[in-house]
Amino acid sequence: MNAPTATASNDVSGDVPRTAAPGADDALAAALSAAAREAGAMALSFFRPGARTSARIWNKAGGSPVTEADVSVDAFLKVRLSALLPEAGWLSEETADNSDRIARRLVWIVDPIDGTRAFLNGHPDWSIAVALLVDGAPALGVVHAPAHDAHYAAIGGRGARLNGASIAVAARDTLVGARVAGPKPMIETLARRAGPVEEAPKIPSLALRIARIAAGEVDVGLVSGNARDWDLAAADLVLAEAGGTLSDVAGRQPVYNRRDPVHGELVATSRGLHPRLVEAMTTDGRAGDAVR
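Asks: Got a sec to walk through the overall build of the protein? Specific residues and values, please.
Replies: Broken down by element type, the protein carries seven helices and 18 strands. Within the protein, the fraction of its 292 residues that count as buried is 54%. Across the protein, the fraction of contacts at a sequence separation of at least 24, relative to all contacts at a separation of at least 6, is 64%. Accessible area of the protein: about 11,700 Å², with a carbon and sulfur share of 50%.

Below you can see the structure in the form of structure tokens.
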């Protein structure tokens, strides 16, 4: 299989997609999707809808939970994806980081289970997120939500799909009445500055939250600070290929594969609505300044 090629735009305004991969290998994309589905089946064997997982649970050094399923899926994907592209670097939530990845042209970015707390408590909104970076930009991306049988996939420059069908962001020209998913304080800030919005049900998996914007199920996604590359990269590509934009609150697109893969507050929506969203989230919020 040939590695995909990518061209990353220097534009950081959020108005155009960053990544095109006209040479992406369909066989590589298919192999990635197959690996994500197999990993999903592995995770599902530990998942108990509405109940505590059957997997063993422990806490990482920072106090966040990790399960036997996270580690098993991570190990499986490391072997499978490394076999597909032995030359690629690796960055995963559940693998000790190797800074050698920074110099690699190809890098796998993996979250074996995004939304671990949801997974271990029986909530279906968790996902497996995998992206392949080419020269720092996502060129292939998969967000697989096994409990929903939802498989979001994208190849740079060739559109986004949900279970094989093309998807696109919802068409809106105003933030008023928009369906918004994210942390309640950020939603309240947006509503105060832009006008009434509809608060969507909580989506614990960040990758799935962004993917649902790509599918037109949610209009706006808000993300609190401290997200990592593995939470974002795959869904970022799916959203971009569906006509949307993920950026920080100043409108700058995420930079991936840095030494410290941590991001600040982020916003996601359609490309048409993105400038209004950025303006709303950066205004001082004075009365009469609402951005509609």
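After presenting the structure, the write-up continues.
Asks: For the environment of L28, give the residues involved together with the corresponding values.
Replies: By the element assignment, L28 lies in helix α1 (residues 26–44). By relative accessible area, L28 is classed as buried at 0%.

Asks: Please give an account of the packing of aromatic side chains that cites residues and values.
Replies: Scanning the entire structure with this criterion turns up three aromatic pairs. With a centroid separation of 4.8 Å and an interplanar angle of 85°, the aromatic rings of F119 and W126 are classed as edge-to-face. Residue class for W126 comes out buried when judged on its relative accessible area of 0%. Within the aromatic cluster, the residues linked to one another by ring pairs are F47, F119 and W126. Taking NZ or CZ as reference, K78 lies 5.5 Å from the ring centre of W90, over its face.

Asks: Run through the sheet that holds strand β13 (residues 198–199), naming residues and quoting values.
Replies: Here five strands make up an open sheet; going across it, the order is β13-β12-β14-β18-β16 and the pairing mixed. The sheet terminates laterally at β13 and β16 (244–248), the two strands that pair on one side only. As paired elements, β16 and strand β18 (residues 266–270) share five bridges and run antiparallel to each other. Bridging across to β18, L246 finds its partner in A268. The strands touched by helix α4 (residues 184–194) within the sheet are β12 (179–181), β13, β14 (220–223) and β18, with β14 carrying the most contacts at an inclination of about 125°. Across the sheet, helix α6 (residues 229–241) touches β16 and β18, and the angle it forms with β16 is around 140°.

Asks: Lay out the nonpolar core with the relevant residues and their values.
Replies: Counting residues in hydrophobic clusters, the biggest one holds 41 residues, and the most contacted among them are I109, Y152, I167, L232, L239 and L246. If you list the elements that add at least two residues to this core, you get β6 (106–114), β7 (127–134), β8 (137–145), β9 (150–155), β10 (160–162), α5 (206–214), α6 and β18. Sequence-distant contacts of L232, that is, excluding residues within four places in its chain, are made with L206, I210, A227, L246, Y256, H263 and L266.

Asks: Now, about the sheet that holds strand β11 (residues 165–166): what can you tell me, with residues and values included?
Replies: The sheet built from seven strands is open, its strands ordered β5-β6-β7-β8-β9-β10-β11 with mixed pairing. Edge positions in the sheet fall to β5 (89–92) and β11, since each of these pairs with one other strand and no more. Relative to β9, β8 runs antiparallel, the two sharing six bridges. From the neighbouring strand, G141 faces β9, where its bridge partner is A154. Contacting β6, β7, β8 and β9, α1 crosses the sheet at an angle of about 35° to β8. Strand contacts of helix α2 (residues 68–84): β5, β6 and β7, with the helix running at about 155° to β6, the strand carrying the most contacts.

Asks: Summarise α4; cite the residues concerned and give the values.
Replies: Among the residues of α4, those classed as buried are M186, I187, T189, L190, R193 and A194. Seen from one end, α4 has its buried residues packed into an arc of 160°, which puts them on one side. Summarising the geometry of α4, the exposed residues directed more than 90 degrees from the buried face are P185 and R192. Buried positions along α4 lie against β12, β13, β14, β18 and α7 (274–282).

Asks: Tell me about the pairing of β9, residues and numbers included.
Replies: Buried residues dominate β9, accounting for six of its six residues. Neither face of β9 is open: one carries A150, Y152 and A154, the other H151, A153 and I155, and all of them are buried. In this structure, the hairpin formed by β8 and β9 is closed by a connection of four residues, where D149 is found at a positive phi of approximately 50°. Taking the residues that link successive antiparallel strands as the turn, the β9-β10 hairpin has four residues, and the phi of G157 there is positive, at about 80°.

Asks: Break down the pattern of salt bridges for me, with residues and values.
Replies: A full pass over the atoms with the stated rule returns 13 salt bridges. Between D26 and R158 there is a salt bridge, and its shortest N-O distance comes to 2.6 Å. With a gap of 132 residues between them, D26 in helix α1 and R158 in the loop between β9 and β10 connect regions that are remote in the sequence. A relative accessible area of 42% places R158 in the partly exposed class. Put simply, D219 and R179 hold a salt bridge, and the shortest N to O gap is 2.9 Å. Taken as a pair, D219 in the loop between α5 and β14 and R179 in strand β12 lie far apart in primary sequence, 40 residues in all. On the basis of relative accessibility, which here comes to 5%, the residue D219 falls in the buried class.

Thresholds, definitions, all that
- Residues numbered from 1 in each chain as written.
- Predicted model: local features only at pLDDT ≥ 70, side-chain atom pairs only at ≥ 80, totals over all residues.
- Heavy atoms only, no water.
- Helix = DSSP H or I, 4+ residues; strand = E, 2+ residues; numbered from the N terminus.
- Buried < 20%, exposed > 50% of the residue type's maximum accessible area, 1.4 Å probe, protein only.
- Contact = heavy atoms within 4.5 Å.
- Areas by Shrake-Rupley, 256 points an atom, 1.4 Å probe, with all protein chains shown as cover.
- Phe/Tyr/Trp six-rings, centres within 6.5 Å; stacked < 30°, edge-to-face > 60°.
- Lys NZ or Arg CZ within 6 Å of the ring centre and 35° of its normal.
- Pairing = 2+ DSSP bridges.
- Axes fitted to C-alpha atoms, helices over the stretch in contact; angles between N-to-C directions.
- Core = buried A, V, L, I, M, F, W, Y, C linked by side-chain atoms within 4.5 Å.
- Arc of directions from axis to C-beta.
- Salt bridge = Lys/Arg side-chain N within 4 Å of Asp/Glu carboxyl O.

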